[in-house]
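# Examining the three-dimensional arrangement
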Amino acid sequence: MAIHPPPQRIWWNEPIARTEIVWIVVAFLWGLLMFSAMIYWHMEGEQNLSNESYRITPELFAEKANAMVEKYQVREEAGFPVVRPPPGSDVYMIARLWQWWPIIEFEKDQTYRLHLSSMDWQHGFSLQPVNINLQVHPNYDMVVTMTPNKAGEYGVVCNEFCGIGHHNMIGKIYVTEN
Amino acid sequence: MSTFKHRVCPATGLRIHNSAENLIKANAVTAIVFLAVGGFFGLMVALTRWPAVHLLPADWFYLVLTGHGLDVLLVWIIFFEIAVLYFASAILLNSRLAAPRWAWAGFALMLVGAIMTNVAVLQGNSSVMFTSYVPMQAAPHFYLGLILFAVGALIGCFVFFGTLVIAKEEKTYQGSVPLVTFGAITAAIIAVFTIASGAIILVPTFLWSVGWIGSIDTLMYKTIWWAMGHSSQQINVSAHVAIWYLIAAVVLGAKPLSEKVSRMAFLMYILFLQLASAHHLLVEPGISSEWKIFNTSYALYLAVLGSMLHGMTVPGSIEAAQRARGYTNGLFEWLRKAPWGNPAFSGMFMSLVMFGFLGGISGVVMGTEQINIIMHNTIYVPGHFHATVVAGTTLAFMAGTYLLVPLIFQRELIMKGLARWQPYLFGLGVMGISVFMMGAGTLGVPRRVWDITGADAALKYDYSGAAYLMMGLNGISAIMAALGGFLFIAIIVGSVLFGKRTGDKPLEGLTMTTATKYGSAESIRIPGTVVLVAVFFTSFVLYYFVNWKYLAEVWPLR
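Not measured: the values here are computed from a predicted model.

Analysis parameters
- Residues numbered from 1 in each chain as written.
- Chains lettered and ligands numbered in written order.
- Predicted model: local features only at pLDDT ≥ 70, side-chain atom pairs only at ≥ 80, totals over all residues.
- Helix = DSSP H or I, 4+ residues; strand = E, 2+ residues; numbered from the N terminus.
- Rg over C-alpha atoms; globule rule 2.2 N^0.38 Å.
- Buried ≥ 20, exposed ≤ 12 C-beta atoms within 10 Å, placed from the backbone.
- Contact = placed C-beta atoms within 7 Å.
- Nonpolar A, V, L, I, M, F, W, Y, C, P; charged D, E, K, R; others polar.
- Expected span 1.5 Å × (residues − 1).
- Pairing = 2+ DSSP bridges.
- Axes fitted to C-alpha atoms, helices over the stretch in contact; angles between N-to-C directions.
- Parallel < 35°, antiparallel > 145°, perpendicular 65-115°, else oblique.
- Left-handed = near helix turned anticlockwise from the far one by under 90°.
- Core = buried A, V, L, I, M, F, W, Y, C linked by C-beta atoms within 7 Å.
- pLDDT = per-residue confidence, 0-100.

## Description of the overall build of chain A
Helices and strands together make up the secondary structure of chain A, namely 2 helices and 12 strands. Ordered by position from N to C terminus, the α and β elements of chain A give α-β-α-β-β-β-β-β-β-β-β-β-β-β. For 178 residues, the compact-globule formula gives about 16 Å, and the C-alpha radius of gyration of chain A, at 24 Å, lies well above that figure. When the backbone C-alpha atoms are referred to their principal axes, chain A occupies close to 80 × 40 × 30 Å.

Dropping the structure here:
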């Protein structure tokens with residue numbers, strides 16, 4: 001039994017049943033396939049993270065975001081500036097206790113370089129209802145090149161716990177028809 | 001070693017030394033007390049996240065959620081695991097325990113640490129969640145308590161290793177250690193790695209909290225913290241798989257199909273499980289995809305291979321034992337005629353099925369580098385780990401406790417009728433918790449959030465009605481699981497205090513005779529298990545590809 005020492009002293013020379021061998025081979029090959037799938041998706045898939053990120057101070061990141069807002073603000077909503085940066089440009093979204101700033105307006109099927117960084121604690125960028133989830137750190141500038149492919153109004157909720165106001169940290173992204 | 005105080009177990013004939021027995025009792029009882037506290041916190045969490053009930057105010061919710069994670073994920077499980085280590089060494093090897101005084105010192109440190117951290121949480125300034133990600137800061141004694149707890153657990157591991165050495169030297173057993181002990185060795189080795197990682201990150205964090213260190217890099221913290229946080233879950237896997245084998249052996253007289261295969265599967269855990277820190281870093285900035293892919297897959301999924309092997313060998317050994325007993329009709333007579341009324345068996349088998357189907361499959365899918373983008377930090381994540389840690393580990397430990405009561409505490413169970421139903425009540429409740437949280441997660445509901453309606457927020461986002469429904473069903477399932485948990489604690493505490501002493505009577509429900517011949521390649525027939533494994537594998541493959549399809553539908557990213 002499993003609670004007694006193996007009755008055969010030389011248990012490692014016992015033959016293995018075929019059923020077990022078949023399962024070992026199938027499970028091993030399945031693992032190889034799952035491993036390769038991740039590499040394959042980097043070559044052929046459309047949803048990959050870029051690995052592009054930089055060290056940055058919160059002050060410098062805020063400066064860049066402010067400059068973008070000054071240049072491309074189109075209106076205001078609930079006290080938040082709404083910016084409409086040109087396609088292909090660098091777009092900055094600040095995560096801080098407890099807001100995503102500013103509100104961004106994208107054009108459908110255009111590509112943008114979205115920069116994410118935190119001014120204070122860690123936050124979680126969760127774009128809903130698309131369900132794209134990214135971790136936002138202070139002192140790291142994460143660049144995600146995204147191509148919104150459906151027009152509409154999207155929520156950015158925080159899904160990394162960030163203190164007592166965590167549940168109120170909701171931002172917005174609009175995607176308009178071109 | 002007759003000079004040490006011991007008794008002889010009437011069921012197994014094993015020598016049970018007082019020192020080991022008392023330490024197993026102390027650790028198991030303490031574990032169950034913390035399970036009660038942490039489980040109560042969990043019920044409060046689930047009732048708050050049920051939008052129609054929304055029980056606690058925000059500050060209390062975050063406080064209680066921190067306490068829930070600490071008490072059940074860490075304290076209950078590690079105390080119980082120390083009991084498992086002492087059982088798998090001193091009892092199964094027929095030996096005395098090495099350095100019982102050190103073992104008591106370890107126990108005291110763990111207890112002091114656990115209480116200290118709980119006090120810090122309840123004081124209200126340490127609602128930082130179980131993960132305590134910097135630069136969010138808890139009170140210094142929050143970290144200090146964790147450090148003391150870890151040091152105590154480390155002492156426990158070394159007492160276990162010492163016992164192995166003594167047993168070997170004093171020749172208390174012949175040949176190799178039993179498979180269950182081998183599983184416990186796996187758990188203890190991973191525990192040492194886990195605790196070392198914990199020390200590397202928690203000691204500087206403690207120094208930072210008292211102002212001696214200026215700042216801690218958030219990404220570095222997370223990488224090392226999860227070398228502790230995820231590895232500690234691998235201790236659980238090793239320990240609960242060892243308990244599956246233990247219960248199959250004690251209740252049904254099952255033998256491993258092949259010692260070699262089962263031990264290799266445990267060895268895979270030791271070699272590869274520590275890489276899983278990466279599971280928590282798949283959508284972080286500053287880490288390369290090469291690193292993520294290699295680590296998140298445990299190097300070509302070799303640790304997953306280990307679990308998939310146990311997934312066949314555990315039910316396979318049960319089938320072989322049952323067939324040897326004469327239940328040979330059709331594919332599943334062996335399973336139908338299994339002792340479903342014995343809570344040790346029913347709990348163990350549900351743990352096996354739910355760990356594989358719910359926890360295992362969802363974990364591998366969520367741990368796929370790109371698929372993680374559509375799941376990271378949604379409530380899918382707690383859905384997954386409630387399937388592994390609660391349905392898997394906690395249910396297996398509960399099942400194991402039903403054996404400890406007669407074997408170690410030498411008491412008969414009280415409320416036997418209710419005990420029959422307890423694993424089903426708890427198991428189904430936890431199944432609901434896991435499934436509905438995973439469902440809500442795929443609809444985008446975040447984890448660790450007090451309110452999803454956005455009632456006090458400047459900007460709003462409305463979740464679908466289905467998301468609200470899932471959170472409600474999660475609440476109902478949590479009530480069911482809490483009832484099952486309460487029943488467990490009532491039965492066990494009641495039995496230990498008031499159960500009839502078993503004395504030298506043979507114990508009912510235990511088979512101490514071996515039902516099968518040793519791992520014989522020529523004689524194994526396990527067609528029912530093959531069907532079960534095929535169903536599992538099909539579900540795995542389908543669910544895996546469905547999630548690639550979901551991923552392919554989101555905005556293109558690069």
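## A closer look at the overall build of chain B
For chain B, the count of helices and strands is 15 helices and 2 strands. Along the first, second and third principal axes, the C-alpha set of chain B runs to 70 × 55 × 45 Å. Across the 558 residues of chain B, 63% fall into the buried class. In chain B, the share of contacts with a sequence separation of at least 24, taken over all contacts with a separation of at least 6, comes to 86%.

## Observations regarding the interface of chain A and chain B
Between chain A and chain B, the residue contacts involve 74 residues of the former and 86 residues of the latter. Of all the secondary structure elements, the ones that give two or more residues to the side of chain A that touches chain B are α1 (18-44), β8 (123-128), β9 (132-136), β10 (140-146), β11 (152-158) and β12 (170-176) of chain A. Tallying contributions element by element places α1(A) first for the side of chain A that touches chain B, with 14 residues. For the side of chain A that touches chain B, the class distribution of residues is 38 nonpolar, 30 polar and 6 charged.

## Things to note about helix α3 (residues 100-122) of chain B
Under the 1.5 Å per step criterion, the end-to-end length of α3(B) is 33 Å for 23 residues, consistent within 8% with the ideal 33 Å. Following α3(B) by one or two positions, G124(B) adopts a phi angle in the positive range, close to 100 degrees.

## A look at the pairing of β11(A)
All names here are of chain A. Of all 7 residues making up β11, 5 are buried, and the element is well covered by its neighbours. As paired strands, β8 and β11 are joined by 4 bridges and run antiparallel to one another. Looking at β11, one finds that F125 is bridged to C158. Bridging between β11 and β12 involves 6 bridges; their strand directions are antiparallel. Its bridge partner lying in β12, V157 is registered against I170.

## Quick notes on the packing of helix α9 (residues 298-324) of chain B against helix α11 (residues 343-366) of chain B
All names here are of chain B. Two numbers describe how α9 lies on α11: the axes approach to 11 Å, and their chain directions differ by 160 degrees. If you check the angle between α9 and α11, you find them roughly antiparallel. As α9 runs across α11, the sense of the crossing is left-handed. Taken together, the residues of α11 that come into contact with α9 (itself represented by V304, S307, G311, V314 and P315) are L352, G356, G360 and V364.

## Remarks on the nonpolar core
In this structure, Y86(B), Y245(B), I247(B) and A248(B) are the most contacted members of the largest nonpolar core, which totals 262 residues. If sequence neighbours within four positions are ignored, Y245(B) has contacts with A2(A), L179(B), V180(B), G183(B), P256(B) and V314(B).

## Some remarks on the packing of helix α6 (residues 218-252) of chain B against α9(B)
All names here are of chain B. Remark: α6 packs on α9, axes separated minimally by 10 Å, with the N-to-C direction vectors making an angle of 5 degrees. Here α9 runs roughly parallel to α6, going by the angle between their axes. Seen from α6, the contacting residues are V237, V241, W244, Y245, A248 and L252; seen from α9, they are S307, H310, V314, S317, I318, A321 and Q322. Classifying every residue of the contact of α6 with α9 by side-chain character gives 9 nonpolar, 4 polar and no charged.

## With respect to the sheet that holds strand β1 (residues 53-55) of chain A
Adjacent strands of a sheet form backbone hydrogen bonds with each other and so pair up, either parallel or antiparallel. All names here are of chain A. If you trace the 5 strands from one edge of the open sheet to the other, you get β1-β10-β7-β4-β5, paired in mixed fashion. Since the sheet does not close on itself, it has two edges, and those belong to β1 and β5 (99-101), each with one partner. The mean angle between the axes of side-by-side strands here comes to 20 degrees, regardless of whether they run parallel or antiparallel. Judged from the 3 bridges that link them, β1 and β10 form a sheet pairing that is antiparallel.

## Some details on the confidence of the model for chain B
Residues and elements named next belong to chain B. This prediction gives chain B a mean pLDDT of 93; 96% of its residues lie at or above 70. Predicted confidence in chain B is weakest over strand β1 (residues 6-8), with a mean pLDDT of 88, and strongest over α3, with 98. pLDDT under 50 marks residues 518-522. Its contacts with residues more than four places away, or in other chains, come to 12 contacts. Here the predicted complex scores 0.95 on pTM and 0.96 on ipTM.

## Structural notes on the sheet that holds β11(A)
All names here are of chain A. With mixed pairing, 7 strands are arranged side by side in an open sheet as β2-β3-β6-β12-β11-β8-β9. Strands with a single pairing partner mark the edges of an open sheet, and in this sheet they are β2 (73-77) and β9. Averaged over neighbouring strand pairs, the angle between their axes works out to 25 degrees when direction is ignored. Where strand β6 (residues 103-107) and β12 come together, 4 bridges link them in parallel fashion. Residue I104 lies in a different strand from β12, and its bridge partner there is I173.

## Observations regarding the environment of Y86(B)
All names here are of chain B. Tracing the chain through its elements places Y86 in helix α2 (residues 58-91). Along the backbone, Y86 and L109 are 23 residues apart, and their C-alpha atoms lie at a distance of 17 Å. Look past the residues within four positions of Y86 in its chain and what remains in contact with it is A20, L23, I24, L97 and F160.

## Details of the pairing of β2(A)
Looking along a regular strand, one sees side chains alternate from face to face of the sheet. Residues and elements named next belong to chain A. In terms of residue burial, β2 counts as a barely covered element, since only 0 of its 5 residues are buried. With 4 bridges joining them, β2 and strand β3 (residues 80-83) adopt antiparallel strand pairing. The residue of β3 that forms the bridge with E77 is F80. Following β2, the chain reverses through 2 residues before pairing antiparallel with β3; A78 in that reversal takes a positive phi of roughly 50 degrees.

## Regarding the environment of I104(A)
Residue and element names in this part refer to chain A. Within the secondary structure, I104 sits in strand β6. In this structure, the C-alpha to C-alpha distance between I104 and M142, residues 38 residues apart in sequence, is 17 Å. What I104 contacts, discounting residues up to four positions off in sequence, is V83, V91, M93 and I173.

## A look at the environment of V364(B)
Tracing the sequence through the fold places V364(B) in helix α11. Among the residues examined, V364(B) registers 25 C-beta atoms within 10 Å and is labelled buried.

## Here's the deal with unusual backbone geometry
All names here are of chain A. Cis geometry is adopted by the peptide bond preceding W98, which originates at L97 and carries an omega value of -10 degrees. Relative to the helices and strands, W98 is located in the loop between β4 (90-96) and β5. Cis rather than trans, the peptide bond between Q128 and P129 has omega equal to 0 degrees. Tracing the sequence through the fold places P129 in the loop between β8 and β9. A positive phi angle is found at D109, which is not glycine, with a value near 65 degrees.

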